[in-house]
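# Report on the structure
Listed here are the chains, written in short residue letters.
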Amino acid sequence: MPEAAAVSAGAGRANRLGPVALVVTGGLSVQFGSALAVLLMPRAGALGVVTLRLVLAAAVLLVVCRPKVRGYGRADWGTVVAFGTAMAGMNILFYQAADRIPLGAAVTLEVLGPLILSVVASRRLVNVLWAGLALGGVVLLGGGGFDRLDPVGAAFALAAGAMWAAYIVFSARTGRRFPQADGLALAMAFGAVLSLPLGIAEAGDSLLVPSTIGLGLAVALLSSVLPYTLELLALRRLPAPTFAVLMSLEPAIAATAGFLVLSQALSPTDALAIALVIAASMGAVRTQVRRAADR
């Protein structure tokens, strides 16, 4: 009996950590994808990069998933359309921000969307505490100086954060309505259609250069296909408020990757900010686990 209890406890811990591992892996993938996207922007422009990312990601997902289009109702398709619109809007607005302000500042401002979602959607005071702790870490990580940013770029980043919050909500709904990643593939295709005219207008024939397509495919896989699939799976096992707090790990992952991979300086303030964000994420997950255990 003690052995069985130990096995059961171990399985429970693995089940709890599974969604968190998916979110962290997705965040790491997005950061490497963002680095490639920066290299691609001079070739195709911000809107061109978004179009390549969404179109190529949609192509990969449609081939791999082969989603069925029959047997779904109006509400199901409405969810897909809303998810695809949020996805396209989030990417378009974020790359417009990244084209005008530093990437770190853009990510910091954007993550305010998920954090506000966590506060609004939460019905427990302790979850508001975790969101506030994460917010403090994100602001510290931004290092101040927001008043010196291009106001248009900052506005794009904040708008991208609002779309990110919508993305979280509709990703969860899509995951419940469609099997595997079928809903994601369909939503990505819709988002790609929305972005295509904008990308063609800005980049034109540059989108057809083989080397540009190759880089675009890498960005699509790292920034869209892998992380969006992992997030969809995570949202099937985590409530939106908890997931939203975990999204505050994005700036922390970016800062840590810059320190480890690019040898960028990590100040004591940055280290404190990362610790606050990690503590908030761990607290949010532990709170959710206890809540599930009490049911």
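Criteria and cut-off values
- Residues numbered from 1 in each chain as written.
- Predicted model: local features only at pLDDT ≥ 70, side-chain atom pairs only at ≥ 80, totals over all residues.
- Heavy atoms only, no water.
- Helix = DSSP H or I, 4+ residues; strand = E, 2+ residues; numbered from the N terminus.
- Buried < 20%, exposed > 50% of the residue type's maximum accessible area, 1.4 Å probe, protein only.
- Contact = heavy atoms within 4.5 Å.
- Areas by Shrake-Rupley, 256 points an atom, 1.4 Å probe, with all protein chains shown as cover.
- Expected span 1.5 Å × (residues − 1).
- Polar contact = N/O pair within 3.5 Å; in protein donor to acceptor, adjacent residues only side chain to side chain.
- Phe/Tyr/Trp six-rings, centres within 6.5 Å; stacked < 30°, edge-to-face > 60°.
- 1 Å grid on protein atoms, 1.4 Å probe; cavity = no way out; pocket = protein on both sides within 12 Å on 5 of 7 lines; lining within 4 Å.
- Points joined across faces, edges and corners; volume = space filled by probe spheres on them.
- Nonpolar A, V, L, I, M, F, W, Y, C, P; charged D, E, K, R; others polar.
- Salt bridge = Lys/Arg side-chain N within 4 Å of Asp/Glu carboxyl O.
- pLDDT = per-residue confidence, 0-100.
- Bend = angle between axes of the 7 residues up to and from the residue.
- Axes fitted to C-alpha atoms, helices over the stretch in contact; angles between N-to-C directions.
- Parallel < 35°, antiparallel > 145°, perpendicular 65-115°, else oblique.
- Left-handed = near helix turned anticlockwise from the far one by under 90°.
- Patch = residues over 30% accessible without salt bridge, like charges linked within 9 Å, V, L, I, M, F, W, Y side chains within 5 Å.

Moving on, we get to the overall build of the protein. When helices and strands are counted, the protein shows 11 helices and 0 strands. Each helix and strand of the protein, placed in order from N terminus to C terminus, yields the pattern α-α-α-α-α-α-α-α-α-α-α. When burial is assessed residue by residue, the protein has 48% of its 295 residues classed as buried. Considering only contacts within the protein whose residues lie at least 6 apart along the sequence, 88% involve residues at least 24 apart. Accessible area of the protein: about 13800 Å², with a carbon and sulfur share of 68%.

Looking now at the side chain of Gln96. Tracing the chain through its elements places Gln96 in helix α2 (residues 74-98). Accessibility expressed as a relative area gives 12% for Gln96, which makes it buried.

Once that is clear, we can look at unusual backbone geometry. Positive phi, close to 45 degrees, is recorded for Arg66, a residue that is not glycine. For Arg66, the position within the fold is in the loop between α1 (2-65) and α2. Despite not being glycine, Gln180 has its phi angle at roughly 45 degrees, a positive value. Mapped onto the fold, Gln180 is located in the loop between α6 (151-177) and α7 (182-203). Residue classification places Gln180 among the exposed residues on the basis of a relative accessible area of 55%.

Moving on: α6. Given a rise of 1.5 Å per residue, 27 residues ought to cover 39 Å, and the 39 Å separating the end C-alpha atoms of α6 matches this to within 8%. Where α6 begins, the capping side chain belongs to Asp150, and its oxygen is found 3.2 Å from the backbone nitrogen of Val152.

The geometry of an aromatic ring pair comes down to the distance between the two centres and the angle between the two planes. Counted under the stated rule, the structure contains 6 aromatic pairs. Centre to centre, the rings of Tyr72 and Trp77 are 6.1 Å apart; their planes meet at 85 degrees, and the pair counts as edge-to-face. An angle of 45 degrees between the planes, with centres 5.2 Å apart, marks the rings of Tyr167 and Tyr228 as tilted. Here the residue Tyr167 occupies a position in helix α6, and Tyr228 occupies one in helix α8 (residues 210-235), the gap between them amounting to 61 residues. For the residue pair Tyr167 and Tyr228, the accessibility class agrees, reading buried in each case. By way of ring pairs, the aromatic residues Tyr72, Trp77 and Phe178 are connected into one cluster.

It is worth spelling out empty space enclosed by the protein at this point. Applying the stated criterion to the full structure yields 2 cavities of 30 Å³ or more. Here the largest cavity is characterised by a volume of approximately 290 Å³. The wall of the largest cavity is formed by 18 residues, among which Val30, Arg53, Glu110, Trp164 and Glu250 lie closest to the centre. Secondary-structure elements contributing two or more residues to the lining of the largest cavity are α1, α2, α3 (103-110), α6 and α8. Residue composition of the lining of the largest cavity, by class: 10 nonpolar, 4 polar and 4 charged.

What the rule picks out here adds up to 1 salt bridge. Between Asp76 and Arg177 there is a salt bridge, with the nearest N and O atoms lying 2.7 Å from each other. Of the two residues, Asp76 is situated in helix α2 and Arg177 in helix α6; the sequence distance between them amounts to 101 residues.

This part takes up the confidence of the model for the protein. Averaged over every residue, the pLDDT of the protein is 79; the share at 70 or more is 81%. Taken together, the stretch residues 1-15 has pLDDT below 50 and engages in 2 contacts with residues farther than four places along the chain or on a different chain.

The end-to-end C-alpha distance of α8, which contains 26 residues, comes to 36 Å, matching closely the 38 Å that a straight helix rising 1.5 Å per residue would cover. Approximately 35 degrees is the largest bend angle found in α8, and it occurs at Leu221.

Once that is clear, we can look at the packing of α2 against α6. Packing of α2 against α6 brings their axes to within 7 Å, and their N-to-C directions diverge by 155 degrees. If you check the angle between α2 and α6, you find them roughly antiparallel. Relative to α6, α2 is oriented so that their crossing is left-handed.

Once that is clear, we can look at a nonpolar patch on the surface. A contiguous nonpolar patch, built from Val55, Leu196 and Ile200 and spanning about 220 Å² of accessible area, is present on the exposed surface. With respect to the helices, strands and loops of the structure, Ile200 is situated in helix α7. In this structure Ile200 comes out as partly exposed when scored by relative accessible area, which is 47%.

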